[in-house]
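Architecture and fold: a report
Each chain, letter by letter, is given below.
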Amino acid sequence: MRSLLAALLLLGYLSTANADATATLDRTRVTALDNLTLSVEVTARVDGQPDFSPLFDQFRLLGSKRTLISSHSSAGREVRTRWEVSLRPRTSGTLTIPPLSIAGEQTEPVDVQVSEASPSFNGQEGSGLFFSTQLDSREVYLNGQLLYTARVYHLEPLPVSARIEPPTLNGVPARTVGERREYEGEFRGTPYLVTEQQYALFPDQEGLAMIQGPSLHLPDRGDHAITELLGETLEVEVLPPAFRSSQGQWLPAERLSLEDNWSTPETLQPGDRIKRVIRLTVTGLPAEQLPELMTQEPDGLFIDRSNVELSESETQFGLVSTRTETLFIEPLATGEFTLAPIDVHWWDTRLDRGRHAALPPRSFQVSPPAFIDAEPPVAATTSPEAAEGRSAEFPWANLFLTLTSITCALGWLYTGAALRRQRVTNSAQEIEDEARRHRKLLQANERAERNTFQALAIACQQNNAAMARARLIEWAQNFWPERAPSSLTEVCDAARNQTLDFLILDLEQQLHDNAELWQGDLLYKTVDALRRRRLNASTPSGNVDETLLQAS
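Attention now goes to the overall build of the protein. Per the secondary structure count, the protein includes 7 helices and 30 strands. The buried share of the protein, reckoned over its 552 residues, is 37%. Residue pairs at least 24 apart in sequence account for 67% of intrachain contacts in the protein once pairs closer than 6 positions are excluded.

Structural data, given as C-alpha cells:
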C-alpha cells in the first residue's frame, strides 16, 4: 500500500513537472498606442482561465482567446493549451510581463520597450487621429452575418498611401462590404474628417469570440508621428443554431428569396429539352454556404445539373449571395411527370424565428411521337361486263395495267426496305443519344465528386470536425451515387474500409466530447486513397491523370 501511494505521488509529480509553461510576445519594441499579443502556453490541458491580474498594473487587457493543440507521435499523444492575450501599454518605458502561474508552473518574465507616441496623434478619443468601431449586434448566430463599422476620425487628410487592414475573427480577415466613404463629421463638437469602411464577419465557432480591431497604416514621416493605429478589440457572443432542417441545413439570414423561370412547349415528346432556371438569393450568408436546390430526379427524366453559378455582391445590408441553377430536363419516356416541390427552411435573424420558402411542384405531359398514316386508295367498282367491253375496245390497256402494277409493286418493295433501314438508323441514333446522356450524367457526377472532395479537404485542413462530417456525407453521395448514403453509418456500409470506419468513429467521438481536438489529416489521406484506388482500377495502364483527382 505504501509503495502504491509513493508511485501515485511520483506520477503526479511527473505530470506537474511535464507541464512546462512559457510566455512570449509577438514583438518587444512598440509605441504606447500599439497592441501586443502575449502567448502563454502550457504542455497540459487546462480548462480554467489563468490569473492575468498581475498584468493590470502596466497593461490594459483587451481580450483573450484559448486554444487546445493536440499532436500525435510515436511517443503518444500530447495536448497543449495556449492563450493569446491582447494587451495595450498604459505607460511608456521598459515594461515587464510578470511571471504568471498556470497549472502549478510559472512563466519567465518578459521585457518590452514602449516608446512615446506623438501627443497630437495619441489615438485616444478626441485626439487628432483615432478609431471608432461599432457592431450591429453583440450577439450573432453561428455562421450568421455580423456587420462591423470602422471609422477613422482625423484632423488632417490621410496620405494617399494610407491603408486600413480589416478586423479579424479567429485569424480570418473580415470581408469588405461596399466602398470606403469619406465625409465631414463632428465628435463632441469638434469638426473632423471621417473615413468609414464597413465589414462583414461570419463566425464559425460557438461561444465568446474576440474580434481583433482594424489597423490603420501610415507612412513614416520621420517626426515620431504615429505610423500604425489599432482599433479596439470587441467581444461578441456566438449563439448555437436555433434549429436544423431535415437535411441538416442551417441558414441564418436577414432576407431570402426563391424563384424559378419555367416554361414548357405545347407539345412535348421524348428527347425534347425543357430549361428551368432556379435562383436562390440570400442576404447575410456567403455564396458557398447556399444549399443545392434541385436534389431529386424522377424516373424517366434526365436532368443536366452541370450549370451552377455562385455570385456575391455588397450592399448597405451586407453580403448578398445568389445561387443560380440552370437545369436542362429531358424526358426519356411518355406520360405525365411531376417535379417535386423545392423547400428551403431558413432562420430570419431580424425576426428571430424560422421561416420557409418553397416552389410548387411542376407537372408536364410527354406525348408519344406523331406518325402520319397514309389512307389506302379506294378502288372503284366496275361491273365485269363493262370491264370486258373496255378490254375489247382497248386491247393494249391490259398490258399497260400489268406494267403499272409491276412498277407499283417494285415501288412498295423499295419503300418497305427504306423504312426498315430508317428504323435501324433511328434505333442506332436512340442508342447513341442514350449513351450521350449517360456520358453527360457521368461527367456531371465526376465534377460534383471532385468539388465535394475539395470541400472535404479544406474542412480536414482546417481541423473543422462539424464541417468535415457534413462534407464527408456530401462527397460519399457523389462517390457512391447508386447508394446515396445520408449518414456516417451508411458511408461506412458503402466504403467497407476498416480504416475509414475507425476514423469516422473517432470523428463522431470528438464531436461529442471536444471537437477542437480533432485532426483531419488522416481522414483526408484515407478518402484520397479510396479515390485513387478506384481510379487505378478503372485505368488499365495504371497511369492516373492527376487532374481527375482535383476539383474543377
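With that settled, consider the pattern of salt bridges. Pairs can form between side chains of opposite charge whenever their charged atoms are close. All told, the structure shown has 21 salt bridges when counted by the stated rule. Put simply, Glu 196 and Arg 151 hold a salt bridge, and the shortest N to O gap is 2.9 Å. Remark: Arg 151 occurs in strand 12 (residues 146–154) and Glu 196 occurs in strand 17 (residues 190–201); sequence separation between them is 45 residues. We classify Arg 151 as buried; its relative accessible area is 18%. The closest approach of N and O atoms between Arg 181 and Glu 196, which form a salt bridge, is 3.1 Å. Taken together, the residues span a long stretch of sequence, with Arg 181 in strand 16 (residues 175–187) and Glu 196 in strand 17 at a distance of 15 residues. Here Arg 181 falls in the partly exposed class, since its relative accessible area comes to 45%. Counted as one network, the salt bridges with shared partners bring together Glu 41, Glu 78, Arg 80 and Arg 82.

Leu 258, Ile 278 and Phe 364 are the most contacted members of the largest nonpolar core, which totals 27 residues. Breaking this core down by element, the ones donating at least two residues are strand 23 (255–262), strand 24 (274–283), strand 25 (301–315), strand 26 (318–331), strand 27 (335–339), strand 28 (342–348), strand 29 (353–359) and strand 30 (362–366). When residues in this core are grouped by element, the largest group, 4 residues, is from strand 24. If we skip the residues at most four places from it in the chain, Leu 258 touches Ile 278, Arg 279, Leu 280, Leu 293, Ile 342, Val 344, Ala 357, Ala 358 and Leu 359. Core analysis: the next-biggest nonpolar cluster, separate from the first, contains 26 residues, Leu 129, Tyr 141, Ala 162 and Tyr 199 among them.

Looking at the protein, pLDDT values average 82 and 84% of them are 70 or higher. At the level of individual helices and strands, the protein shows its lowest average pLDDT in helix 1 (residues 2–18), which scores 44, and its highest in strand 22 (residues 252–253), which scores 96. Segment residues 1–17: pLDDT under 50, and 2 contacts once partners within four positions in sequence are set aside and those in other chains are kept. Low pLDDT, under 50, characterises residues 372–381; the stretch is placed with 0 contacts to residues that sit more than four places away or in other chains.

The subject of this paragraph is the packing of aromatic side chains. All chains considered together, the criterion is met by 16 aromatic pairs. Note on Trp 250 and Trp 347: the rings are 6.4 Å apart at their centroids and 40° apart in plane angle, and the pair reads as tilted. Of the two residues, Trp 250 is situated in the loop between strand 21 (234–239) and strand 22 and Trp 347 in strand 28; the sequence distance between them amounts to 97 residues. A connected cluster of aromatic rings, assembled from ring pairs, spans Phe 130, Tyr 153, Phe 187 and Tyr 192. Here the basic side chain of Arg 255 rests over the ring of Phe 317, its NZ or CZ set 4.1 Å away from the ring centre. A cation over an aromatic ring shows up here: Arg 534 above the ring of Phe 479, its NZ or CZ 3.6 Å from the ring centre.

Adjacent strands of a sheet form backbone hydrogen bonds with each other and so pair up, either parallel or antiparallel. Taken in spatial order, the 4 strands line up as 23-24-26-25 in an open sheet, and their pairing is antiparallel. Of all the strands in the sheet, the pair left with one neighbour each is strand 23 and strand 25. In this sheet, adjacent strand axes meet at a mean angle of 15° when their direction is disregarded. Across 8 bridges, strand 23 lies against strand 24 in antiparallel orientation.

Checked against the element boundaries, Thr 283 lands in strand 24. Note on Thr 283: relative accessible area 8%, which makes it buried. Those residues within four positions of Thr 283 in sequence are excluded, and the remaining contacts are Ala 253, Glu 254, Arg 255, Phe 317, Leu 319 and Val 320.

Rules used throughout
- Residues numbered from 1 in each chain as written.
- Predicted model: local features only at pLDDT ≥ 70, side-chain atom pairs only at ≥ 80, totals over all residues.
- Heavy atoms only, no water.
- Helix = DSSP H or I, 4+ residues; strand = E, 2+ residues; numbered from the N terminus.
- Buried < 20%, exposed > 50% of the residue type's maximum accessible area, 1.4 Å probe, protein only.
- Contact = heavy atoms within 4.5 Å.
- Salt bridge = Lys/Arg side-chain N within 4 Å of Asp/Glu carboxyl O.
- Core = buried A, V, L, I, M, F, W, Y, C linked by side-chain atoms within 4.5 Å.
- pLDDT = per-residue confidence, 0-100.
- Phe/Tyr/Trp six-rings, centres within 6.5 Å; stacked < 30°, edge-to-face > 60°.
- Lys NZ or Arg CZ within 6 Å of the ring centre and 35° of its normal.
- Pairing = 2+ DSSP bridges.
- Axes fitted to C-alpha atoms, helices over the stretch in contact; angles between N-to-C directions.

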